[in-house]
Structure formats: C-alpha cells, structure tokens
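# Per-entry structural report
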Amino acid sequence: MSALALTLVLTAAFCHAGWNFALKKAHGDGLSFFALLGVFEILVWAGPVMLLLPSLDRFNPNWLIAMLGSAIVHVAYFWLLLRAYKTADLSLAYPLARATGPLLSVLAAVFILNEAPTPQGLAGAFMIIAGSIWIGLTGSKATAMGPAQLKGIGFALLCGLMIAIYTVWDQQSVTAVGVPIMLFYWGSIVMRVLLTAPSLWIHRRQIHQWVRTDLRVYLVVAVLSPMAYMLVLWAMTIAPLSLVAPAREISILLGVIAGAKLLREGQMLARLGAAALMLAGIVILGFN
C-alpha cells in the first residue's frame, strides 16, 4: 500500500474513533437517531459539496443509482447493528461485525474483482482482522453463550455482510462508475435520510430533546463521520480494496484504547496482544 493511501486510512481511523467516542455521550437511539445524524451531516457538508460539484454536462444518471444502492445497504447495516446490540453484548457484536465486513471484502476483492494482493499484503490484512476479532472476544461481558447471545452474533454476522456489500459497492461507485467522492457520499446520506424520514416524524418529540441536549455531539459527528469515510473512499481509488478494507479497522483499536483509558472500561491488559497483532498488520501493509 502506498504511503498516501496508508496515511489516508490511518487519518480516517482517528476520525472514525473520534466520532464514535463522541457518540457515546449522545442519548439518541434507533433509526430516528440515524436519520437525525444524517440531517446534520447533510447540512454541515452541503457547502463544500456545492463548491466542488462537477459541471452538469458530466452528470451520469448511474450516479443516482450508485448513491441509492449505498443508502439502502447502509440503512440495512444500521438496522442489523441495532438488532445485534439488543440481543448481544455491544463489546462482542460490534467488533465481530466490523471484523466480518473486511474479511468478506477481502474475499470479494480477490475472487470477484480479481485483485491480486501480495502474500505479505494478505498477511497484514488478516492480522488486522484477527486482532479485531480478538478485541471482540476479550471485550465481551457475557458470562454464558445463551440463545440471546447466539442470536445477536447472527445479527452481527449479517451486519458484517452488509459492511462488505457497501464497501465493495461504494468502491466500485467511485472507481468504475466514477462518481466524485464527496458528491457520492453526501448524496447517499441524503437518500438515507429520505429512506428513514418517517422515523423523524414519529419520534419528533424525542428528537427535539436530543438536539437540545446533545447539539455539540451531533456537530462533531457530522464533521468527523463523513470525513472518515470519504478519506477511505479516496484511499480506495489509489490502493487495492483488499488492503484498504482491513486497514480501516484500526479504528477499532483506537476506540478500545479510548474506552479503556478515557471511559475506564477496563480490559486494557487483556487487549494488548490484539493491539500488537493489529499494529504489526499495519506495519506490514506499510512496507508492502
């Protein structure tokens, strides 16, 4: 992976961990919360998108299809993630979903998109994936693997499948279809909000309270979340998907460190092995 691509992915990881850390302080929940975040993201990024809009003679109707497809899969991803959270430990469900996504993305890149990463690159990728799974297992607070946990794991795995689908879809949208990166992601957010708009009306009273209580959190997330993903999309245009998809999961490690140190969630020593494995994977990708 080139130095520029790796720098983009690592910067995105810090942005991703930052907005997830900020989001821990928010009180919202459900699809209405997801839609509300989208509204803030649309407003924050509307100006930059309008400044960078390509001329209309370059517009391709396939761009709208690309945006809509991404929006549908992202909504499905978020719904499945919520279901996983309701039936299994968050500390198990989230890393499991985030690890399954890049694993399937790597397989799709190799067997569907015909990418040919080097053995060293694949080794680094799978070390990062293994480290994120390790973090999930050490972070779980479950005392027994009962029916609820197993059901939650099922939702988490389906969530990982959605991650793989939107990762491949979005990468092809900005490369093969040629949608400008910022326009593509902003447009997909607009369509996500349209798809989930009924929830905004249904929960309008809660939303009013959420905005009054957590306005600063929404603004932080609205800046960092799109920025993180757009940096990843940029990296996907200059580096193989089979390497970028796993590398972005270093954000899990950063989130775990923040949780352990700043939120005092504990388990820091138990996760050092996973951290070392993920960092070694990143080093291998950097020299690949």
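On a predicted model such as this, the values are computed, not experimentally measured, just so you know. (Residues numbered from 1 in each chain as written. Predicted model: local features only at pLDDT ≥ 70, side-chain atom pairs only at ≥ 80, totals over all residues. Heavy atoms only, no water.)

### Things to note about the overall build of the protein
For the record, the criterion: Put simply, DSSP marks the helices as runs of H or I at least four residues long and the strands as runs of E at least two long, and each gets a number from the N terminus on. The buried label goes to any residue with under 20% of its type's maximum accessible area, the exposed label to any with over 50%, and the partly exposed label to all in between, with areas taken from a 1.4 Å probe on protein chains only. The contact definition used throughout considers only heavy atoms, calling two residues in contact when any of these lie within 4.5 Å. We get accessible surface area from the Shrake-Rupley algorithm with a probe of 1.4 Å; when it comes to residues, only the shown protein chains can shield them.
Along its length, the protein carries 12 helices and zero strands. Counting from the amino terminus, the protein carries its helices and strands in the arrangement α-α-α-α-α-α-α-α-α-α-α-α. Among the 288 residues that make up the protein, the fraction classed as buried is 51%. Long-range contacts, defined here as pairs at least 24 residues apart, represent 90% of the contacts in the protein between residues at least 6 apart. A total accessible area of about 13400 Å² is found for the protein, and carbon and sulfur atoms account for 71% of it.

### What to know about unusual backbone geometry
Despite not being glycine, N114 has its phi angle at roughly 60°, a positive value. Structurally, the position occupied by N114 is in the loop between α4 (90-111) and α5 (119-139). Given the relative accessible area of 64%, N114 is considered exposed.

### A short note on the environment of Y94
Its location among the elements puts Y94 in helix α4. On a C-alpha basis, the gap between Y94 and S132 in space is 9.8 Å, while along the polypeptide they are 38 residues apart.

### What to know about a nonpolar patch on the surface
Stated precisely, the cut-off is as follows: Surface patches are defined over residues having more than 30% relative accessible area and no salt bridge, joining like charges when they lie within 9 Å and nonpolar side chains (Val, Leu, Ile, Met, Phe, Trp, Tyr) when within 5 Å. The rule for a salt bridge is simple: a side-chain nitrogen of Lys or Arg has to be within 4 Å of a carboxyl oxygen of Asp or Glu.
Taken together, L103, L107, F111, I112 and F126 make up a surface patch of nonpolar side chains, about 500 Å² in accessible area. Per-element tally for the nonpolar patch: the top contributor is α4, with three residues.

### Notes on the packing of aromatic side chains
As a reminder of what qualifies: Within 6.5 Å between ring centres, the rings of Phe, Tyr and Trp (the latter by its six-membered ring) count as paired, and their orientation is classed by plane angle as stacked under 30 degrees, edge-to-face over 60, tilted in between. Remark: a charge is flagged as sitting over a ring if the NZ atom of Lys or the CZ atom of Arg is within 6 Å of the ring centre and within 35 degrees of the ring normal.
Under the defined criterion, the tally for this structure stands at nine aromatic pairs. Relative to Y166, the ring of Y77 lies with its centre 5.7 Å away and its plane at 75°, an arrangement referred to as edge-to-face. Here Y77, found in helix α3 (residues 62-87), pairs with Y166, found in helix α6 (residues 147-175); they are 89 residues apart in sequence, far enough to count as distant. Of the residues examined, Y77 reaches a relative accessible area of 12% and is grouped as buried. When the ring of W79 is compared with that of F155, the centres are 6.4 Å apart and the planes differ by 85°; the resulting orientation is edge-to-face. Taken together, the positions of W79 in helix α3 and F155 in helix α6 put the pair 76 residues apart, joining distant regions of the chain. Above the ring of W201, the side-chain terminus of R204 is found at 3.9 Å from the ring centroid.

### Structural notes on the confidence of the model for the protein
Under the convention used in this document: Every residue carries a pLDDT, the predictor's confidence in it, which falls somewhere between 0 and 100.
The share of residues in the protein with pLDDT of 70 or more is 83%, and the mean pLDDT across the chain is 83. No element of the protein has a lower mean pLDDT than helix α11 (residues 250-261), which averages 64, and none a higher one than helix α7 (residues 181-195), which averages 95.

### Observations concerning the side chain of S199
This is how the line gets drawn: In protein, a polar contact means a hydrogen-donor-capable atom and an acceptor-capable atom, both N or O and within 3.5 Å, with residues adjacent in sequence counting only if both atoms are side-chain atoms; elsewhere, any N or O pair within 3.5 Å suffices.
Structurally, S199 is set in helix α8 (residues 197-202). For S199, a relative accessible area of 12% puts it in the buried group. From its side chain, S199 meets the backbone oxygen of T196 in a polar contact 2.5 Å long. Those residues in contact with S199, other than ones at most four positions away along the chain, are L31, S32, A35 and I207.

### Focus: the nonpolar core
Nonpolar side chains tend to gather and get buried jointly when the protein is soluble and globular. To keep things clear, this is the line we draw: Residues belong to a common nonpolar core when they are buried Ala, Val, Leu, Ile, Met, Phe, Trp, Tyr or Cys residues joined through side-chain atoms within 4.5 Å.
Core analysis: the biggest nonpolar cluster contains 66 residues, and M1, M67, Y77, F184, L233 and V244 have the highest contact counts within it. Element by element, the count of residues in this core is highest for α3, at 12 residues. L23, A26, I207 and A222 belong to the second largest nonpolar core, which has 13 residues in total.

### Description of the packing of α3 against α7
Put simply, the test is: Only the stretch in contact is used when a helix axis is fitted, and all axes are lines through C-alpha atoms; the angle between N-to-C directions ranges over 0 to 180 degrees. Angular relationships are summarised with four words: roughly parallel below 35 degrees, roughly antiparallel beyond 145, roughly perpendicular across 65 to 115, and oblique for the angles in between. Two helices cross in a left-handed way if the nearer one is turned anticlockwise from the farther one by less than a right angle. They cross in a right-handed way if the turn is clockwise. Each residue gets one of three labels, nonpolar for Ala, Val, Leu, Ile, Met, Phe, Trp, Tyr, Cys and Pro, charged for Asp, Glu, Lys and Arg, and polar for the others, Gly among them.
Where α3 contacts α7, the two axes come as close as 8 Å, and the packing angle between them is 55°. The orientation of α3 with respect to α7, classified from their angle, is oblique. Relative to α7, α3 is oriented so that their crossing is right-handed. Taking contact as the criterion, the partners of W63, L64, A66, M67, L68, S70, A71, I72, H74 and V75 in α3 are, on α7, L183, F184, G187, S188, M191, R192 and L195. Tallied by class, residues from the contact of α3 with α7 come to 12 nonpolar, four polar and one charged.

### A short note on the side chain of S173
Tracing the chain through its elements places S173 in helix α6. For S173, a relative accessible area of 2% translates into the label buried. Every residue in contact with S173, bar those within four places of it in the chain, is listed here: A66, G178, V179 and F184.

### Overview of the environment of A66
With respect to the helices and strands, A66 occurs in helix α3. Put simply, A66 and Q172 are 106 residues apart on the chain and 8.8 Å apart in space, counted from C-alpha to C-alpha.

### Side note on helix α2 (residues 30-51)
Basically, it comes down to this: Here the expected length of a helix is defined as 1.5 Å per residue gap, with one fewer gap than residues. Axes are fitted to the seven residues ending at a residue and to the seven starting at it; the angle between these axes is taken as the bend at that residue.
The end-to-end C-alpha distance of α2, which contains 22 residues, comes to 33 Å, matching closely the 32 Å that a straight helix rising 1.5 Å per residue would cover. Its axis deflected by about 45° at W45, α2 carries its strongest bend there, up to four residues before the proline P48.

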